Amino acid sequence: MRFEIAPKDAALNMRLPEALLEAVKAKAKAKGVPYTRYVRMLLEADVARPRHQQ
């Protein structure tokens, strides 16, 4: 299931430790995507995994 093309009609606001946010930003930069899109990609990948693998 791909959510990337679906309309974005909900928002998420999270508080993270600064070190975690910086690590996420670094990973996103290495992949050449904005960090918010990278977080969404991680969420999509986790949701798409079959339940027995979680």
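In the block above lies the structure referred to throughout.
Below: a short report on this structure. From a predicted model like this one, the values you see are computed outputs, not experimental measurements.

1. Brief notes about the overall build of the chain
Then, number 1: A tally of regular secondary structure across the chain gives 2 helices and 0 strands.
Then, number 2: Counting the 54 residues in the chain, one finds 9% classified as buried.
Then, number 3: When the accessible surface of the chain is totalled, it reaches about 5000 Å², and 58% of it is carbon and sulfur.

2. Considerations on a nonpolar patch on the surface
Then, number 1: A grouping of Leu-12, Met-14, Leu-16, Leu-20 and Leu-43 is seen on the molecular surface, where their side chains present a nonpolar patch of about 490 Å² in accessible area.
Then, number 2: Secondary-structure assignment places Leu-16 in the segment before helix H1 (18–31).

3. Re the packing of aromatic side chains
Then, number 1: Counted according to the given criterion, the structure contains 0 aromatic pairs.
Then, number 2: A cation sits over an aromatic face here: Lys-25 above Tyr-35, 4.9 Å from the ring centre.

What counts and how
Residues numbered from 1 in each chain as written. Predicted model: local features only at pLDDT ≥ 70, side-chain atom pairs only at ≥ 80, totals over all residues. Heavy atoms only, no water. Helix = DSSP H or I, 4+ residues; strand = E, 2+ residues; numbered from the N terminus. Buried < 20%, exposed > 50% of the residue type's maximum accessible area, 1.4 Å probe, protein only. Areas by Shrake-Rupley, 256 points an atom, 1.4 Å probe, with all protein chains shown as cover. Patch = residues over 30% accessible without salt bridge, like charges linked within 9 Å, V, L, I, M, F, W, Y side chains within 5 Å. Salt bridge = Lys/Arg side-chain N within 4 Å of Asp/Glu carboxyl O. Phe/Tyr/Trp six-rings, centres within 6.5 Å; stacked < 30°, edge-to-face > 60°. Lys NZ or Arg CZ within 6 Å of the ring centre and 35° of its normal.

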